[in-house]
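# Observations on the model geometry
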Amino acid sequence: MDQTEKLLIGIENILSVASDLVQEVDRLKRVEEECQILKEKLFLKQLMSSEQDIFALALDGHSVTEMQDILFKEENTIKTQGRRILQKLNVSSMKEAIDFYKKTNQTSSQNFTNYHQENLSKTS
């Protein structure tokens, strides 16, 4: 076996290992995505459906008045549900709750708000 053949075998081995690494990286990315989904579900399980609606709107930057118009609920109802969210998450403000959510999930919150906006429009 001459030097060229040895080099070719070495290159084939390197390419094979590189291919295996690429596949493993893809698998780990899928696992990471699944973990993010589970973290979001666990976070949301703490909240009742109506609280999730309030939180989704808060996450999207809506005021209490805007939430009233969107959800057709009284201001006191929205504020009460907001307080429940803060209690369940053990935070003192909705901004803190949103920051906690974003930190916990480290992904775009857009999927969450989109999902709830679609559900809100179906119920309206």
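Read on for a plain summary of the structure. (Residues numbered from 1 in each chain as written. Predicted model: local features only at pLDDT ≥ 70, side-chain atom pairs only at ≥ 80, totals over all residues. Heavy atoms only, no water.)

### A closer look at the packing of aromatic side chains
Within this structure, the stated rule accounts for 1 aromatic pair. Their ring planes at 75° and their centres at 5.5 Å tell us that phenylalanine 55 and tyrosine 101 sit as a pair that is edge-to-face. Of this pair, phenylalanine 55 sits in helix 2 (residues 49-59) while tyrosine 101 sits in helix 5 (residues 94-105); the two residues are 46 residues apart in sequence, bridging distant segments of the chain. Just as phenylalanine 55 is buried, tyrosine 101 falls in that class too. (Phe/Tyr/Trp six-rings, centres within 6.5 Å; stacked < 30°, edge-to-face > 60°. Helix = DSSP H or I, 4+ residues; strand = E, 2+ residues; numbered from the N terminus. Buried < 20%, exposed > 50% of the residue type's maximum accessible area, 1.4 Å probe, protein only.)

### Some details on the pattern of salt bridges
Counting across every chain of the model gives 4 salt bridges. In this structure, the salt-bridge partner of lysine 95 is aspartate 99, at a minimum N-O distance of 2.8 Å. Within this pair, lysine 95 and its partner aspartate 99 are both found in helix 5, separated by 4 residues, close to a single helical turn. Look at aspartate 99 and you get partly exposed, because its relative accessible area is 37%. (Salt bridge = Lys/Arg side-chain N within 4 Å of Asp/Glu carboxyl O.)

### Considerations on the side chain of glutamate 51
Secondary-structure assignment places glutamate 51 in helix 2. Assessed through its relative accessible area of 0%, glutamate 51 is described here as buried. Only 2.7 Å separates the side chain of glutamate 51 from the side chain of lysine 88, close enough to count as a polar contact. Beyond its immediate sequence surroundings of up to four residues, glutamate 51 is in contact with Gln46, Gln81, Arg84, Ile85 and Lys88. (Polar contact = N/O pair within 3.5 Å; in protein donor to acceptor, adjacent residues only side chain to side chain. Contact = heavy atoms within 4.5 Å.)

### Quick notes on a nonpolar patch on the surface
Together, Leu7, Leu8, Ile11 and Leu15 line one region of the surface with nonpolar side chains, adding up to about 410 Å² of accessible area. Classification of leucine 8 by relative accessible area gives partly exposed; the value is 48%. (Patch = residues over 30% accessible without salt bridge, like charges linked within 9 Å, V, L, I, M, F, W, Y side chains within 5 Å. Areas by Shrake-Rupley, 256 points an atom, 1.4 Å probe, with all protein chains shown as cover.)

### Brief notes about the packing of helix 2 against helix 5
Where helix 2 contacts helix 5, the two axes come as close as 10 Å, and the packing angle between them is 90°. Accordingly, the angle class assigned to the pair helix 2 and helix 5 is roughly perpendicular. Counting all contacts with helix 2, which are made through Phe55, Ala58 and Leu59, the residues of helix 5 involved are Met94, Ala97, Ile98, Tyr101 and Lys102. Of the residues in the contact of helix 2 with helix 5, the class split is 7 nonpolar, no polar and 1 charged. (Axes fitted to C-alpha atoms, helices over the stretch in contact; angles between N-to-C directions. Parallel < 35°, antiparallel > 145°, perpendicular 65-115°, else oblique. Nonpolar A, V, L, I, M, F, W, Y, C, P; charged D, E, K, R; others polar.)

Geometric values such as these leave the question of function open.
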